[in-house]
Amino acid sequence: VQLQASGGGLVQAGGSLRLACAASGSSVSLNGVGWYRQAPGKQRELVARTYSNGNTEYAGSVKGRFTISRDNAKNTVYLQMNTLKPEDTAVYYCIKIVGSWPFGSWGQGTLVTVSS
């Protein structure tokens, strides 16, 4: 499966954004998909992931604010981000998950900037 992230932008603190991860080559319903992010000067970190069985996991820093979901008809995985904080500023990537690990290339990602 090939995945392409989009939907980033500039938003004020407290605002919302929805990122999209469009899949091609395979159905998202058959694959685990994860959202990761990398802030300037920091290591890439897991934000959320969804498994083919529908289970989801979130990083503690985003739990209760972010929601990962699938639209199988559109072959897309979304990341709804609410109550955004300046520390959420990062490049966000989506990637296939195998087991619990990212698998494949990261792609370009999509930049989210949260202003205070």
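Throughout what follows, the structure given in this document is the object of discussion. Predicted, not measured: the structure shown is a model, and the values here were computed from it.

Moving on, we get to the nonpolar core. For soluble globular proteins, the rule of thumb is that nonpolar side chains tend to be buried together. By size, the foremost hydrophobic cluster in this structure holds 26 residues, and its most contacted members are Trp35, Val47, Phe66, Leu79, Met81 and Tyr92. At the level of secondary structure, the elements contributing two or more residues to this core comprise β1 (2-6), β3 (17-24), β4 (32-38), β5 (45-50), β7 (66-71), β8 (76-81), β9 (90-98) and β11 (110-115). Per-element accounting of this core gives the leading share, four residues, to β3.

Successive side chains on a regular strand alternate, one facing one side of the sheet and the next facing the other. With six of its seven residues buried, β4 lies for the most part within the structure. Across seven bridges, the pairing between β4 and β9 is antiparallel. By the bridge assignment for β9, Gly32 is matched with Ile97. Taking the residues that link successive antiparallel strands as the turn, the β4-β5 hairpin has six residues, and the phi of Gly41 there is positive, at about 75°.

What follows is about the environment of Cys21. Mapped onto the elements of the fold, Cys21 is located in strand β3. Using a relative accessible area of 0% as the deciding quantity, one classes Cys21 as buried. Remark: the alpha-carbon pair of Cys21 and Tyr93, spanning 72 residues in sequence, is separated by 8.5 Å. Ignoring anything within four residues of it in the chain, the contact list for Cys21 reads Leu3, Gln4, Ala5, Val33, Trp35, Asn75, Thr76, Val77 and Cys94.

Conventions used here
- Residues numbered from 1 in each chain as written.
- Predicted model: local features only at pLDDT ≥ 70, side-chain atom pairs only at ≥ 80, totals over all residues.
- Heavy atoms only, no water.
- Core = buried A, V, L, I, M, F, W, Y, C linked by side-chain atoms within 4.5 Å.
- Buried < 20%, exposed > 50% of the residue type's maximum accessible area, 1.4 Å probe, protein only.
- Helix = DSSP H or I, 4+ residues; strand = E, 2+ residues; numbered from the N terminus.
- Pairing = 2+ DSSP bridges.
- Contact = heavy atoms within 4.5 Å.

Remember that the coordinates give geometry; whether it matters functionally is a separate question.
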